[in-house]
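Coordinate analysis (summary)
Chain by chain, the residues:
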Amino acid sequence: MPTLTPSLNMNAESTRQRLTGLFVQSEVLKCHSYLMDALLKSEDPALSAYSYDSIQNLYPDPSSWPYTDCLSYIDERWDRPDLEPMPGDSCPDCSSHQLATNAQGGIICPSSSCGFTSSDEDTNEESNHEALMGCIRELGEPQEIYEWWLVTSWLASKLDEQGEPLLTDDESHWWGRTCTGQAICLDYNIQALARLRYPEDWPTK
Ligand SMILES: [Zn+2]
């Protein structure tokens with residue numbers, strides 16, 4: 001009868017889940033969904049630290065997002081705001097050519113009969129970036145939180161870097177998990193952190 005050696009028979013995915021499970025055991029302390037829901041609903045002024053206004057990262061903050069990230073975030077949700085022309089766009093004057101750049105970095109229509117010109121690419125991109133970030137700040141919806149978990153301060157700082165919702169008082173950190181119905185060790189963002197914890201054992205394939 002063959003002997004099963006679990007460590008040899010585990011495929012890469014189950015190894016990742018096992019390591020993430022170990023990680024979760026040490027960093028995710030308790031489910032506090034009922035407690036947090038009650039605190040967030042409370043109108044007691046003594047509990048004002050536990051309000052929706054105190055949740056970090058509840059709304060998207062595009063301040064550090066690259067231009068292309070802002071663009072794709074908007075394209076997935078809304079119509080783009082009015083933007084300055086960029087190379088590759090259809091010419092706003094003749095609509096029959098794609099804009100290009102000239103030797104000085106200015107944006108031009110390649111058609112000699114059209115003559116459309118605009119400021120240089122960097123200037124337009126900067127102004128578009130501002131417009132896109134403004135649009136995201138204005139229209140961004142709050143993240144939907146399904147579960148609250150008491151987590152270590154180390155994990156809270158990592159989740160903050162990932163833009164996950166967090167609520168912190170003088171001594172505790174709660175993570176507002178935006179998915180539900182699956183084990184935490186299957187969450188992609190948590191697996192990414194577990195990989196940092198166990199770089200040697202993490203299956204690369
Ligand atoms: Zn043109």
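Our subject is the structure that appears above.
All of the points below concern the structure found in this document. Along each chain, residue indices are assigned from 1 in the same order as the chain's sequence is written. Where local features are concerned, this predicted model is filtered to residues with pLDDT of at least 70; where side-chain atom pairs are given and counted, the filter is 80 or more; whole-chain, interface and lining totals use all residues.

1. Points about the sheet that holds strand 3 (residues 106-108)
Strand pairing in a sheet takes place through backbone hydrogen bonds and is either antiparallel or parallel in direction. Spatially, three strands are ordered 2-3-4 in an open sheet, and the strand pairing comes out antiparallel. Every interior strand has two partners, whereas the edge strands, strand 2 (100-101) and strand 4 (117-120), have only one. If DSSP finds at least two bridges between two strands, the strands pair. Numbering of helices and strands runs from the N terminus; a helix is a DSSP stretch of H or I covering at least four residues, while a strand is a stretch of E covering at least two. As judged from the three bridges shared by strand 3 and strand 4, these two strands associate in the antiparallel manner. Of the residues in strand 4, the one forming a bridge with Ile107 is Ser118.

2. Describing helix 5 (residues 121-139)
Taking 1.5 Å as the rise per residue, helix 5 with 19 residues should run 27 Å; its terminal C-alpha atoms sit 26 Å apart, in good agreement. Partly exposed residues are those whose C-beta has more than 12 but fewer than 20 other C-beta atoms within 10 Å; with 20 or more the residue is buried, with 12 or fewer it is exposed, and the C-beta atoms are placed from the backbone. All of the buried residues in helix 5 are Asn128, Leu132, Met133, Cys135 and Ile136. Buried residues in helix 5, looked at end-on, bunch into an arc of 155°, giving them a common side. Every exposed residue of helix 5 that faces more than 90 degrees away from the buried side is listed here: Glu130 and Glu138. Here contacts are defined at the residue level, using C-beta atoms placed from the backbone and a cut-off of 7 Å between them. Close packing links the buried residues of helix 5 with helix 4 (67-75). Given a helix with a known number of residues, its expected span is that number minus one, times 1.5 Å. Working note: the arc is built from the helix axis to C-beta atom directions.

3. Digging into unusual backbone geometry
Excluding glycine, residues mostly have negative phi values, and the peptide bonds linking residues are mostly trans. Located in the positive-phi region is Asn57, a residue other than glycine, with phi close to 60°. You can see Asn57 is positioned in the loop between helix 3 (33-41) and helix 4. The phi torsion at Ser95 lies on the positive side, around 55°, for a residue other than glycine. Considering the arrangement of structural elements, one finds Ser95 in the loop between helix 4 and strand 2.

4. A closer look at the nonpolar core
Counting residues in hydrophobic clusters, the biggest one holds 12 residues: Met36, Ile55, Trp148, Trp149, Val151, Leu155, Ala156, Leu159, Leu166, Leu167, Trp174 and Trp175. At the level of elements, strand 5 (147-151), helix 6 (153-161), strand 6 (166-168) and strand 7 (173-177) are the ones that each hand at least two residues to this core. Beyond its immediate sequence surroundings of up to four residues, Ile55 is in contact with Pro165, Leu167 and Gly176. The term nonpolar core refers to a group of buried residues, namely Ala, Val, Leu, Ile, Met, Phe, Trp, Tyr and Cys, whose C-beta atoms join them within 7 Å.

5. What to know about the environment of Asn102
Summarising the element assignment, Asn102 is placed in the loop between strand 2 and strand 3. C-beta crowding within 10 Å serves as the criterion here: with 11 such atoms nearby, Asn102 is assigned to the exposed category.

6. Some points on the packing of helix 2 (residues 12-27) against helix 7 (residues 188-197)
Interaxial angle, 0 to 180 degrees, is taken between N-to-C directions of lines fitted to C-alpha atoms, where a helix line uses only the stretch in contact. Direction vectors running N to C along helix 2 and helix 7 enclose 85°, while the axes themselves pass 9 Å from each other. Considering the angle they form, helix 2 stands roughly perpendicular to helix 7. In contact with Arg16, Leu19, Thr20, Phe23 and Val24 of helix 2, helix 7 contributes Ile190, Gln191, Leu193, Ala194 and Arg197. When residues are grouped by polarity, Ala, Val, Leu, Ile, Met, Phe, Trp, Tyr, Cys and Pro land in nonpolar, Asp, Glu, Lys and Arg in charged, and all others, Gly among them, in polar. By residue class, the composition of the contact of helix 2 with helix 7 is six nonpolar, two polar and two charged. Relative orientations are named as follows: roughly parallel for angles under 35 degrees, roughly antiparallel for angles over 145 degrees, roughly perpendicular for angles from 65 to 115 degrees, and oblique for any other angle.

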